[in-house]
Amino acid sequence: MFLREVSPCGSFPSGSREAAGAYPCATESPRPFWADGLRLSRDWFAENLGKHVEGFHVEEDGAVAGHIYWAPSERAVVPHRTEPGVAWIYCEWIQRPYQGKGYMRALFSAFVEHLRKGGYKGVLVGATDYEGYMHHSHFSKRGFRVIREGDGGKLMYLPLGQESVEVEPLVPRVPVEGKAPVEVLIVGSRFCPVGAATVLYLRKVAAEFRERVSITEVPAGPEALARYGVADGIYLNGKPVFFGPVTEDQVRAAIETALMEAGAS
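For clarity, every value in this text was computed on a predicted model and none was experimentally measured.

Undergrad: Please clarify how the pairing of strand β8 (residues 153-159) should be interpreted in this entry.
TA: Remember that side chains alternate between the two faces of the sheet whenever the strand is regular. The buried fraction of β8 amounts to seven of the seven residues, a majority that puts the element mostly inside the structure. Burial along β8 is two-sided: the face carrying Gly153, Leu155, Tyr157 and Pro159 and the face carrying Lys154, Met156 and Leu158 are both buried. Judged from the seven bridges that link them, strand β6 (residues 122-128) and β8 form a sheet pairing that is antiparallel. Residue Val123 lies in a different strand from β8, and its bridge partner there is Leu158. As paired strands, strand β7 (residues 145-150) and β8 are joined by five bridges and run antiparallel to one another. Looking at β8, one finds that Gly150 is bridged to Gly153. Linking β7 back to β8 in an antiparallel pair, the connection comprises two residues, with Gly152 at a positive phi of about 80 degrees.

What follows is the structure in structure tokens.
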């Protein structure tokens with residue numbers, strides 16, 4: 001086991017080298033279908049390492065076997081207003097062959113030690129209610145406490161140098177502009193291979209329906225947060241859709257359903 005901080009070293013090519021091993025969640029065997037989005041996500045990672053994303057990798061036999069990706073609150077792409085000096089965890093994963101063997105414990109310990117040295121006040125994470133992916137129970141065992149609950153998840157906080165944190169959710173504002181019977185708005189959705197694969201399927205499917213489906217892609221970042229109040233996500237006619245992995249056929253079926261509802265099938 002080898003632990004390593006993912007660092008851009010001040011240059012874009014270094015970010016590209018780091019990105020080449022990113023997202024071990026998409027490189028397991030058998031290959032998950034949503035690994036179709038891996039290249040798109042690694043491109044995003046290379047472009048944003050040291051800007052909107054930081055990370056730690058754990059390696060085994062020269063290959064990345066697990067990760068924690070995070071960002072300082074001042075640069076994190078999250079749908080919240082957060083005081084400075086706080087870390088936001090985006091996601092974490094240990095490949096299945098290495099789960100239950102102490103890899104995540106070692107990875108998280110290195111991460112927290114890095115934050116303590118940097119004087120961070122604490123750590124925030126949007127934990128889920130879904131077993132197997134960022135489940136809140138994994139974080140509660142490490143000392144995180146729930147500070148807010150919502151549909152499908154919990155906002156949790158781990159104090160480091162400060163017992164409480166100032167954090168406020170943004171209000172989503174996703175308009176329907178009447179461009180077509182079905183409007184697809186993609187905000188970010190390239191960070192995770194699951195979302196990136198869905199983006200690729202949407203591009204293909206939307207082209208099949210021509211003028212009946214419009215598709216708009218907006219990069220994740222401060223401008224999207226200010227305009228839409230969301231950091232990431234896919235919207236059909238103003239409604240959030242596609243939570244978790246979906247196939248191309250499922251994307252096509254959702255578009256067809258939306259067209260029927262709009263009377264334009």
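Read on for the rest.
Undergrad: I'm lost on the confidence of the model for the protein chain in this one. Help?
TA: Detailed reading of the predicted coordinates is not advisable wherever pLDDT falls low. Summing up the model confidence of the protein chain, the mean pLDDT is 92 and the portion of residues at 70 or higher is 96%. The low-confidence segment residues 9-14, where pLDDT is below 50, has four contacts with residues more than four positions distant or belonging to other chains.

Undergrad: Help me out: how do you make sense of the pattern of salt bridges in this one?
TA: It is possible for side chains of opposite charge to pair when their charged atoms get near one another. Summed over all chains, the structure comprises 18 salt bridges. Two residues, Arg96 and Glu28, come together in a salt bridge whose shortest N-O distance is 2.8 Å. Taken together, the residues span a long stretch of sequence, with Arg96 in the loop between β5 (86-94) and α3 (103-117) and Glu28 in the loop between α1 (12-19) and α2 (38-48) at a distance of 68 residues. We classify Arg96 as exposed; its relative accessible area is 55%. Of the charged contacts, one joins Glu208 and Arg252 as a salt bridge, the two residues approaching to 2.9 Å between their closest N and O atoms. Of the two residues, Glu208 sits in helix α5 (residues 193-208) while Arg252 sits in helix α7 (residues 248-261), which places them 44 residues apart along the sequence. Look at Glu208 and you get partly exposed, because its relative accessible area is 38%. Salt bridges linked by common partners bring Lys204, Glu208, Glu248, Asp249 and Arg252 together as one network.

Undergrad: Could you clarify how one ought to interpret the pairing of strand β3 (residues 63-72) in this entry?
TA: In terms of burial, β3 is a largely internal element, nine of the 10 residues being buried. Note: strand β2 (residues 54-60) against β3, seven bridges, orientation antiparallel. Within the sheet, the bridge partner assigned to Phe56 lies in β3 and is Ile68. Strand direction decides the pairing type here: β3 and β5, joined by seven bridges, are antiparallel. The residue of β5 that forms the bridge with Ile68 is Glu92.

Undergrad: Looking at this structure, I do not really get the layout of surface pockets. What am I missing?
TA: There is about 490 Å³ of room inside the second largest pocket. Forming the boundary of the second largest pocket are 19 residues, of which Glu92, Ile94, Met104, His138 and Arg142 lie nearest the centre. Among the elements of the structure, β5 and α3 are those that each provide at least two residues to the lining of the second largest pocket. With five residues, α3 is the largest single contributor of residues to the lining of the second largest pocket. Tallied by class, residues from the lining of the second largest pocket come to eight nonpolar, six polar and five charged.

Undergrad: Explain the sheet that holds strand β13 (residues 239-241) to me, please; I cannot follow it from the model alone.
TA: Sheets are built from strands paired through backbone hydrogen bonds, the pairs being either parallel or antiparallel. Strand order in the open sheet formed by four strands is β11-β10-β12-β13, with mixed pairing between adjacent strands. The open sheet has two free edges, formed respectively by β11 (213-218) and β13, since each of these has just one partner strand. With strand direction ignored, the average angle separating the axes of adjacent strands in the sheet is 25 degrees. Here strand β10 (residues 182-187) runs beside β11; their pairing, made up of six bridges, is parallel. Looking at β11, one finds that Leu185 is bridged to Thr216. Sheet contacts for α5: β10, β11 and β12 (233-236); angle to β11, the most-contacted strand, approximately 145 degrees. Packed onto the sheet, α7 meets β10, β11 and β12 and runs at close to 135 degrees relative to β10.

What counts, and at which threshold
Residues numbered from 1 in each chain as written. Predicted model: local features only at pLDDT ≥ 70, side-chain atom pairs only at ≥ 80, totals over all residues. Heavy atoms only, no water. Buried < 20%, exposed > 50% of the residue type's maximum accessible area, 1.4 Å probe, protein only. Helix = DSSP H or I, 4+ residues; strand = E, 2+ residues; numbered from the N terminus. Pairing = 2+ DSSP bridges. pLDDT = per-residue confidence, 0-100. Contact = heavy atoms within 4.5 Å. Salt bridge = Lys/Arg side-chain N within 4 Å of Asp/Glu carboxyl O. 1 Å grid on protein atoms, 1.4 Å probe; cavity = no way out; pocket = protein on both sides within 12 Å on 5 of 7 lines; lining within 4 Å. Points joined across faces, edges and corners; volume = space filled by probe spheres on them. Nonpolar A, V, L, I, M, F, W, Y, C, P; charged D, E, K, R; others polar. Axes fitted to C-alpha atoms, helices over the stretch in contact; angles between N-to-C directions.

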